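Per-entry structural report
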Amino acid sequence: MAARGPMARAPGPGTRGADPFASSLPPATATPVPRTIHQTWKTANLPPAWAAARAGCAAMHPGWSHRLWTDADARALIASRFPHVLATYDGYATPVQRADVARYAILAVHGGVYLDMDVVCEKRLDPLLTSNLTLPLTWPSGVSNDVMAAAQGHPFMATLVGHARWAAIGAAWIPSRYARVMLSTGPVYVTLHALFMRDKRAQLRLLPAALYGKYGPRGSRLRGAGVENGALVTHLHGSTWHGGDAAAVAWVGAHRGVAGACVAAGAAAAVASVAAA
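Cut-off values and rules
The residue numbering used here restarts from 1 in each chain and proceeds along that chain's sequence as written. It should be noted that, the model being predicted, local features are given only for residues of pLDDT at least 70 and side-chain atom pairs only at 80 or more, the latter also being counted only at that level, while totals for whole chains, interfaces and linings use all residues. For side-chain calculations, the full set of non-hydrogen atoms in the structure is used, while hydrogens and water are omitted. If DSSP finds at least two bridges between two strands, the strands pair. Only DSSP runs of H or I reaching four residues or more are called helices, and only runs of E reaching two or more are called strands; each is numbered from the N terminus. Only C-alpha atoms enter the line fits that serve as axes; for helices the fit covers just the stretch in contact. Angles between N-to-C directions range over 0 to 180 degrees. In this analysis, two residues are considered to be in contact whenever any of their non-hydrogen atoms come within 4.5 Å of each other. Geometry of aromatic contacts follows a simple scheme: Phe, Tyr and Trp rings, the Trp one being its six-membered ring, pair when their centres are within 6.5 Å, and the pair is stacked under 30 degrees between planes, edge-to-face over 60, tilted otherwise. Only when the NZ of Lys or the CZ of Arg is both within 6 Å of the ring centre and within 35 degrees of the ring normal is a charge said to sit over the ring. Any carboxyl oxygen of Asp or Glu that lies within 4 Å of a side-chain nitrogen of Lys or Arg is treated as forming a salt bridge with it. Here the term buried applies to any residue with accessible area under 20% of the maximum for its type, exposed to any over 50%, and partly exposed to those in between, with areas from a 1.4 Å probe on protein chains only. What a helix should span is 1.5 Å times the count of its residues minus one. By arc we mean the arc of the directions from the helix axis to the C-beta atoms, nothing more. Cysteine sulfur atoms are paired as a disulfide whenever they come within 2.5 Å of each other.

Pairing is mixed across the open sheet formed by 6 strands, whose spatial order is β2-β1-β3-β6-β5-β7. Both edges of this open sheet fall to β2 (65-69) and β7 (204-207), since each of them pairs with a single strand only. Across the sheet, the mean angle from the axis of one strand to that of its neighbour is 20 degrees, orientation sign disregarded. Against the sheet, helix α4 (residues 95-110) contacts β1 (36-40), β2, β3 (112-115) and β6 (147-150), and its axis sits at roughly 165 degrees relative to β3.

Before going further, it helps to spend a moment on the packing of aromatic side chains. Applying the stated rule across the entire model yields 1 aromatic pair. Taking NZ or CZ as reference, R67 lies 3.6 Å from the ring centre of W69, over its face.

Attention now goes to the pattern of salt bridges. A full pass over the atoms with the stated rule returns 5 salt bridges. Put simply, R103 and D100 hold a salt bridge, and the shortest N to O gap is 3.6 Å. Of this pair, R103 and D100 both sit in helix α4, 3 residues apart, which is roughly one turn of that helix. With respect to burial, R103 and D100 carry one shared label: buried. When the shortest N-O distance is used, the salt bridge between R103 and D116 registers 3.2 Å. Of this pair, R103 sits in helix α4 while D116 is found in the loop between β3 and β4 (119-121), placing the two residues 13 residues apart along the sequence. For the residue pair R103 and D116, the accessibility class agrees, reading buried in each case. Taken together, the shared-partner salt bridges in this structure form one network comprising D100, R103 and D116.

Right, let's get into helix α1 (residues 48-60). End to end, α1 covers 18 Å across 13 residues, agreeing with the expected 18 Å (1.5 Å per residue, within 8%). Taken together, the buried positions of α1 are W50, A53, R54 and C57. Angular distribution of buried residues about the axis of α1 spans 95 degrees; they occupy a single face of the element. Summarising the geometry of α1, the exposed residues directed more than 90 degrees from the buried face are P48 and A59. The elements touched by buried residues of α1 are β1, β2, β3 and β4.

A few words on the environment of A158. Counting through the fold element by element, A158 comes out in helix α5 (residues 155-162). For the pair formed by A158 and A105, sequence separation is 53 residues and the distance between their alpha carbons is 6.6 Å.

Two cysteines whose sulfur atoms are joined by a covalent bond form what is called a disulfide. Taken as a whole, this structure holds 1 disulfide when the rule is applied. Covalent S-S linkage joins C57 and C121, the inter-sulfur distance amounting to 2.0 Å. Across the S-S bond of C57 and C121 the torsion is about 100 degrees, and the bridge reads as right-handed. Remark: C121 occurs in strand β4 and C57 occurs in helix α1; sequence separation between them is 64 residues. The exposure class assigned to C121 is buried, which follows from its relative accessible area of 7%.

Note that all results are geometric; they support no functional claim without further evidence.
See the structure below:
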């Protein structure tokens, strides 16, 4: 029997069945996504493997812009365009939370394609330009945030930045570090918005697992480049945050009541703030 509920499992490679998002999605109406690849890192000095991956993507996309955002660049963007989120941004306990919010802010302001540093381009990324918003289906459920594309000014990305304040309040009570990050800024946070904020996800298109190039059947990780399933990208799987995705989702699944209460707490804080304004 298929999984039910907002975290229903997305079909993996080689499986059949409709994805959990498709039934309520409108037809795509493309707004041009800028031909810009955005990436973020602490400084301009990249680990050799990531520098090589970045250079490979650039060589495959002549005529595109390629921008590397340092931590200082990202904070300056938040301060200038989303000042109401700056205190939350500065107060995050982990750098990955700031990296998450930074990528949403970059796409909200500039549009384009966002890639994590450990992503390797196997093919040209032009298919990501054909819809206002593209997010990758991930395992074991929902969508991820390491490969994304959005038109400039897309409200979904702006909403992810704006709601970060309330998500931080709700997730603060979660004892698991992975789950706290996943719910406050990471893939679970994005998945919940994609599922419940229907007015903000017009023209959302989902990158199939086979093209995402990260997971094989039953969530097995695909290693290295040259995947034979025609993936647009593959993933180096170096010592990155996303090694803990499955553990975090498993924790959320085992503690649905706690996770739901934390999300509700964030929503209540948002309502209280609006009422007091």
